[in-house]
Amino acid sequence: MADDDIGTTGKVRDKLIERKQDWAREGRLLTGTTADPARDRLPPGQRLVRDWPVLDLGQQPLVTEQKFRLDVDGAVENRLSLRLDEFMALPQAEGVSDMHCVTQWSRYDNHWKGVPARALLAIVQPRPEVGHVVFHAYDGYTTNIRLDQFDQPDVFLVHQWEGRPISREHGGPVRMLVPRLYLWKSAKWLRRIEFTIRDRPGFWETRGYHNNADPWMEERYG
Ligand SMILES: Nc1nc2c(c(=O)[nH]1)N[C@H]1C(S)=C(S)[C@@H](COP(=O)(O)O)O[C@H]1N2
Ligand SMILES: [Mo]
């Protein structure tokens, strides 16, 4: 399967995607309230979990060190195409953040290690006209955010969770972490980061999910 081609052959997967699209149309799980992140740590309609649920399109690519490549391109001054050891040699930092999934679970105090988005920005230097970022993954998944949402101190390209390498099911060796947006914006099995001038909605964004995905505004669908 090509990197940019979501396989649509799996019947089970088609059913799963259809069901989620139906939920989006029906506005399932919406409480109709909003909250202030400064006051309310838990966004509306969410409940806390202690484990870390696994959600994806049902296919978990095996991205070996041998196979791994991370391309950073689009409208940037300096493009990158990194092997895993080259990625690990970029500036690293640790962070603690909460996760919020549109399927209603939240998990507090996750410890991460990885490359801060801002460190990457300093290296690749997006051109002034860049306004958006598209993440591409090894399973063909894509998702989009604005540049100002990427350019935040708590956004990381992560490779460790709770002191251990991120597991295959959670998107290892390297996944995105954009903790103040619903978790579908955090692409697992990261393959490519593309800086774009115009917005390009990704896999779920073109299937009824909200483009902006702020949990405190309950931007689940839209
Ligand atoms: N590559 C890829 N990334 C993905 C997905 C996916 O299907 N493929 N699913 C998204 C969705 S809908 C969610 S809720 C989170 C789940 O991450 P987790 O399985 O580590 O909890 O991953 C997001 N990133
Ligand atoms: Mo999700």
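For the structure itself, consult the block above.
Here the structure is a predicted model, which is why all the values come from computation and not from measurement.

Sorry, what's going on with the sheet that holds strand S2 (residues 70-74) here?
For sheets, the rule is that strands pair by backbone hydrogen bonds, running either parallel or antiparallel. Taken in spatial order, the five strands line up as S3-S2-S11-S6-S7 in an open sheet, and their pairing is mixed. Of all the strands in the sheet, just strand S3 (80-82) and strand S7 (142-146) have a single pairing partner and so form its edges. Sheet twist, expressed as the mean angle between neighbouring strand axes with direction ignored, is 15°. With three bridges joining them, S2 and S3 adopt antiparallel strand pairing.

Help me understand the site of ligand 1, please; the structure alone is not making it clear to me.
Surrounding ligand 1, one finds 20 residues, the nearest of these being Pro53, Asp139, His170, Arg175 and Lys188. Arg175 places a side-chain nitrogen or oxygen 2.6 Å from an oxygen atom of ligand 1. Ser186 places a polar main-chain atom, nitrogen or oxygen, 3.1 Å from a nitrogen atom of ligand 1. Relative to its unbound accessible area of 530 Å², ligand 1 is 99% covered by the protein chains. Judged by the proximity of its atoms to the pocket grid, ligand 1 belongs to the largest cavity. Its residues assigned to classes, the shell around ligand 1 comprises 14 nonpolar, two polar and four charged.

Help me understand the packing of aromatic side chains, please; the structure alone is not making it clear to me.
Two aromatic rings are characterised by how far apart their centres lie and by the angle between their planes. For the structure shown, the criterion picks out 11 aromatic pairs. For the pair Trp52 and Trp161, a centre-to-centre distance of 4.8 Å together with 50° between the ring planes defines the contact as tilted. With Trp52 in the loop between strand S1 (47-48) and S2 and Trp161 in strand S8 (residues 156-161), this pair connects stretches of sequence that are 109 residues apart. A relative accessible area of 15% places Trp161 in the buried class.

How do you make sense of empty space enclosed by the protein when you look at a structure like this?
Empty space among the atoms can be located by rolling a probe the size of a water molecule over them. In this structure the tally under the stated criterion is one cavity of 30 Å³ or more. By volume, the largest cavity amounts to about 320 Å³. Lining the largest cavity are 23 residues, and of these Leu55, Asp56, Tyr141, Leu183 and Trp184 lie nearest its centre.

What counts, and where the lines are drawn
For every chain, the first residue of the written sequence is number 1, and numbering continues from 1 along that sequence. Naming scheme: in the order in which they are written, chains are lettered from A and ligands are numbered from 1. Per-residue local features are limited, in this predicted model, to residues with pLDDT of at least 70; the limit for side-chain atom pairs, both in listing and counting, is 80 or more; totals at the level of whole chains, interfaces and linings are taken over all residues. To get the side-chain values, all heavy atoms of the structure are used, and hydrogens and water are removed first. Note: two strands are recorded as paired if DSSP finds a minimum of 2 bridges between them. A run of H or I in DSSP counts as a helix once it spans at least four residues, and a run of E counts as a strand once it spans at least two, with each numbered from the N terminus. The axes used here are C-alpha line fits, helices contributing only the stretch in contact, and every angle between their N-to-C directions lies in the interval 0 to 180 degrees. Throughout, the term near means that a residue has one or more heavy atoms lying within 4 Å of the molecule or strand in question. Polar contacts, as used here, are pairs of N or O atoms within 3.5 Å; protein pairs need one atom able to donate a hydrogen and one able to accept it. Residues neighboring in sequence count only if both atoms are side-chain atoms. Here, Shrake-Rupley sampling with a 1.4 Å probe gives the accessible areas, and only protein chains in the shown set may cover a residue. Here a cavity is any set of points on a 1 Å grid over the protein atoms alone where a 1.4 Å probe fits but cannot get out, and a pocket is any open set with protein on both sides within 12 Å along at least 5 of 7 lines; a residue lines the site when it has an atom within 4 Å of a point. What decides whether a molecule sits in a cavity or pocket is whether more than half of its atoms lie within 2 Å of the grid points. Classification convention: Asp, Glu, Lys, Arg as charged; Ala, Val, Leu, Ile, Met, Phe, Trp, Tyr, Cys, Pro as nonpolar; all other residues, Gly among them, as polar. Whether two aromatic rings pair depends on their centres lying within 6.5 Å, for rings of Phe, Tyr and Trp, where Trp uses its six-membered ring; planes under 30 degrees apart make the pair stacked, over 60 edge-to-face, and the rest tilted. Accessible area is worked out with a 1.4 Å probe on protein chains only. A residue is then buried under 20% of its type maximum, exposed over 50%, and partly exposed in between. Grid points are joined across faces, edges and corners, and a volume is the space filled by probe spheres set on the points.

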